[in-house]
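Single-letter residue listing:
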Amino acid sequence: MTFVTGSGVTCEKDEAASTSTDVVFTFTMPDKDVELTVETIDSGVSVDEDNRMTWVFAPPQIAPSESSDARETFEVDFGGDFLANNDSDGNLLNVKISSTNQSVIPDGAIDGAKRIGDSAYTQGATFTIDLSKISTGATTLIFEDTYNNRTITKYLQVVETGTVNPGNIIHAYLKVKFDFDERDLSLSENTDPAKLVVLVSVSDHDWIDGTDPDCGASEYTRARFQLSDTGSKTFAMPYIEGHRYSVSVSLYTYTNNYETDMNPEFSPVYGNTLRVRTNLAGVGNSVKEDDNGTSWLTITNTQSTVTLTVYAA
């Protein structure tokens, strides 16, 4: 808070009564109505936790977009089951989201909070910001759980497209292990097992549109390996700390000379499902397959090669 005025008269800050979270101003009440005016500035400080409610993902920088479909997603964890009621648009009634600088991110650019899960209780929520409705500058997002009287905030900079700094980027090495062979697959008679190729794709679910293209990170990292290859199958990928990554695998066959053609032609092989098994993928690293069949990758030890074990479901 910068200062408070009452009908044009500056109010005095009460240093003794003020705390780190509450600032107290005083004035002498005249014998007439007084209109109080409060002027604030963004402190650049975020509030990450309030009574177990925390940010799961909230990037410090985003960028405007010309596309009306461009959205940036934020996620909050309520720290326990939260009784959630929805309005007619499916937004949580007991959640209020606002921006302190309407010229940067107007409230109209913020979509309502959606529950995570489909039960009456939710442990978290997501909301999105329409990137076509924002402007460069700085603001603070305020996320309020009005039912439990909790509030967290995120100081957010809107920077030019292509200049977003995604954070600390580390370079990890992944090893692919096939826990299956062609005998575990359903193949048509004209499919040559020697031409089967496994496509491994790692996706950054927290990728920020407008990220600096020269930063070394990417939204997707893909690598192809022949199923018949008994040699080492490894590839490198950039990993942004704090982002969530999923791993998917699919089966292809090539229709020309894979070994000599610099641009091999691939066709998908349908009727087969490949997945990455839950396992400890190296010291401090892991892969966990959720109930929906999505495999999530966690890397905390960059000195250890991450092993991805692929099986036929």
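The structure presented is a predicted model; accordingly, all values stated were derived computationally and were not measured. (Residues numbered from 1 in each chain as written. Predicted model: local features only at pLDDT ≥ 70, side-chain atom pairs only at ≥ 80, totals over all residues. Heavy atoms only, no water.)

### Quick notes on the sheet that holds strand E10 (residues 95-99)
Phase 1 of the analysis: Taken in spatial order, the 4 strands of this open sheet run E8-E14-E13-E10, and their pairing is mixed. In this open sheet, the two strands that pair with only one neighbour each are strand E8 (61-62) and E10.
Phase 2 of the analysis: Of the strand pairs in this sheet, E10 and strand E13 (residues 137-145) are connected by 5 bridges, and their pairing is antiparallel. Note on E13: the bridge partner recorded for Lys 96 is Glu 144. (Pairing = 2+ DSSP bridges. Helix = DSSP H or I, 4+ residues; strand = E, 2+ residues; numbered from the N terminus.)

### Considering the pairing of strand E23 (residues 285-289)
Phase 1 of the analysis: Relative to strand E24 (residues 295-298), E23 is paired through 4 bridges, and the arrangement is antiparallel. Following the sheet pairing, Val 287 is matched in E24 by Leu 297.
Phase 2 of the analysis: Where E23 folds back onto E24 in an antiparallel hairpin, the turn is made up of 5 residues, including Gly 293, whose phi is positive at roughly 85°.

### Brief notes about the packing of aromatic side chains
How two aromatic rings sit relative to each other is set out by the distance from centre to centre and by the angle between their planes.
Phase 1 of the analysis: Enumeration according to the criterion identifies 10 aromatic pairs in this entry.
Phase 2 of the analysis: Ring centres of Tyr 239 and Tyr 245 lie 4.7 Å apart, and the angle between their planes is 20°; on these two criteria the pair is classed as stacked. Each member of the pair, Tyr 239 as well as Tyr 245, is classed as buried.
Phase 3 of the analysis: In this structure an aromatic cluster arises from ring pairing among Trp 55, Phe 74, Phe 78, Phe 82, Phe 127, Phe 143 and Tyr 147.
Phase 4 of the analysis: Against the face of Tyr 220 rests Arg 222, its NZ or CZ located 4.8 Å from the ring centre.
Phase 5 of the analysis: Of note, Arg 277 hangs over the ring of Tyr 311, and the distance from its end group to the ring centre comes to 4.2 Å. (Phe/Tyr/Trp six-rings, centres within 6.5 Å; stacked < 30°, edge-to-face > 60°. Buried < 20%, exposed > 50% of the residue type's maximum accessible area, 1.4 Å probe, protein only. Lys NZ or Arg CZ within 6 Å of the ring centre and 35° of its normal.)

### A closer look at the environment of Thr 221
Phase 1 of the analysis: Its place among the elements puts Thr 221 in strand E17 (residues 220-226).
Phase 2 of the analysis: Overall, the relative accessible area of 11% leaves Thr 221 in the buried class.
Phase 3 of the analysis: Here the alpha-carbon distance between Thr 221 and Ser 203, two residues 18 residues apart in the chain, equals 6.7 Å.

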